[in-house]
Amino acid sequence: MARLRGFLGAAVRSHWCLTRPHRSDAHVIRNAGGRASEAVRSLVISQQLLGTREIVIVHHTDCGMLTFTDSALAKIIKDNLGVDVGDRKFLPFGDLDASVREDVDLLANEPLIMKGTPIAGLVYDVKTGALREVSRAVKA
Ligand SMILES: [Zn+2]
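Every value quoted in this text rests on a predicted model; they were computed, and no experiment measured them.

J.: Tell me about the overall build of the chain, residues and numbers included.
T.: When helices and strands are counted, the chain shows 3 helices and 5 strands. Ordering the α and β elements of the chain from the N terminus gives β-β-α-β-α-α-β-β. The buried share of the chain, taken over its 140 residues, is 28%. Taking the intrachain contacts of the chain between residues at least 6 apart in sequence as the baseline, contacts between residues at least 24 apart amount to 62%.

J.: Give me the nonpolar core: which residues, what numbers.
T.: Counting 20 residues, the largest nonpolar core has Ile 55, Val 56, Ile 57, Leu 107, Ile 119 and Leu 122 as the members making the most contacts within it. Secondary structure elements with two or more residues in this core: helix H1 (36-50), strand S3 (52-60), helix H3 (96-108) and strand S4 (118-124). Among the elements that make up this core, the one with the highest residue count is S4 (5 residues). Beyond its immediate chain neighbours, meaning those up to four positions away, Leu 122 contacts Val 56, Ile 57, Val 58, Leu 131, Arg 132, Glu 133 and Val 134.

J.: Explain unusual backbone geometry residue by residue, including any values.
T.: A positive phi is found at Asp 62, a non-glycine position, where the angle reads about 60°. Tracing the sequence through the fold places Asp 62 in the loop between S3 and helix H2 (70-81). Despite not being glycine, Leu 91 shows a phi value in the positive range, around 65°. With respect to the secondary-structure elements, Leu 91 resides in the loop between H2 and H3. Judged by C-beta crowding, with 17 C-beta atoms within 10 Å, Leu 91 ranks as partly exposed.

J.: Talk me through H1; I want residue IDs and the actual numbers.
T.: With 15 residues, H1 should reach 21 Å at 1.5 Å per residue; the first-to-last C-alpha distance of 18 Å falls well below that figure. Maximal helix bending in H1 amounts to about 35°, located at Ser 42. Listed in full, the buried residues belonging to H1 are Ala 36, Ala 39, Leu 43, Ser 46 and Gln 47. Phi turns positive one or two residues past the end of H1, at Gly 51, with a value near 85°.

J.: Before we move on, can you summarise the pairing of strand S5 (residues 131-138) with the specific residues and values?
T.: Sheet topology places S4 next to S5; 7 bridges connect them, and they run antiparallel. Among the inter-strand pairings, Leu 122 is bridged to a residue of S5, identified as Glu 133. The turn linking S4 back onto S5 is made up of 6 residues, and Gly 129 within it adopts a positive phi angle of 80°.

J.: Give me the lowdown on H2, citing residues and values where you can.
T.: Along its 12 residues, H2 runs 16 Å from first to last C-alpha, staying within 8% of the 16 Å computed at 1.5 Å per residue. Counting buried residues along H2, only 0 of its 12 residues qualify, which leaves the element largely exposed. Just beyond H2, the residue with positive phi is Gly 82, at close to 70°.

Analysis parameters
- All residue numbers refer to positions counted from 1 along the written sequence of the respective chain.
- This being a predicted model, a pLDDT of at least 70 is required before a residue's local features are given, and a value of 80 or more before pairs of side-chain atoms are given or counted; all residues contribute to the totals for chains, interfaces and linings.
- Going along the chain from the N terminus, every DSSP run of H or I of four or more residues is numbered as a helix, and every run of E of two or more is numbered as a strand.
- Around each residue's C-beta, the other C-beta atoms within 10 Å are counted; 20 or more make the residue buried, 12 or fewer make it exposed, and counts in between make it partly exposed. All C-beta atoms are placed from the backbone.
- Residue pairs qualify as contacts under a 7 Å threshold applied to their C-beta atoms, which are placed from the backbone.
- For our purposes the nonpolar core covers buried Ala, Val, Leu, Ile, Met, Phe, Trp, Tyr and Cys residues that link as a set through C-beta atoms within 7 Å.
- Working rule for helices: expected span equals 1.5 Å times residues minus one.
- For a residue, the bend is simply the angle between two axes, fitted respectively to the seven-residue segment ending there and the seven-residue segment starting there.
- Strand pairing is assigned whenever DSSP identifies at least 2 bridges connecting the two strands.

Written out as structure tokens, the structure reads:
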């Protein structure tokens, strides 16, 4: 599992500056695959206590999350730990753009995200460094 570099960027104040992120007040939340469902707890804290008003979801090409399935990981865990994880979801994905759209939609429908929050979903190309927008929504 070489690369698990997906992250969510939650911009505090006015603007998430993608070209100069060090100049923005960005609260960067990272997890395997950059999955939104795992980040909700951190996003709520970021919005309610730190003033975050925008969310940028970034998944990346060549992601390790594209390389396994829940059932394959469940077998590895069973072999290594002797634990049956049942139908627990580890949120791998087979389609990068689809996973970004799914996560934008998830946050756009999450009651704990503030109404009016702009949510952008991007794919970062690890070969070229380019960011490509896949999806955009505003929390209704
Ligand atoms: Zn990754």
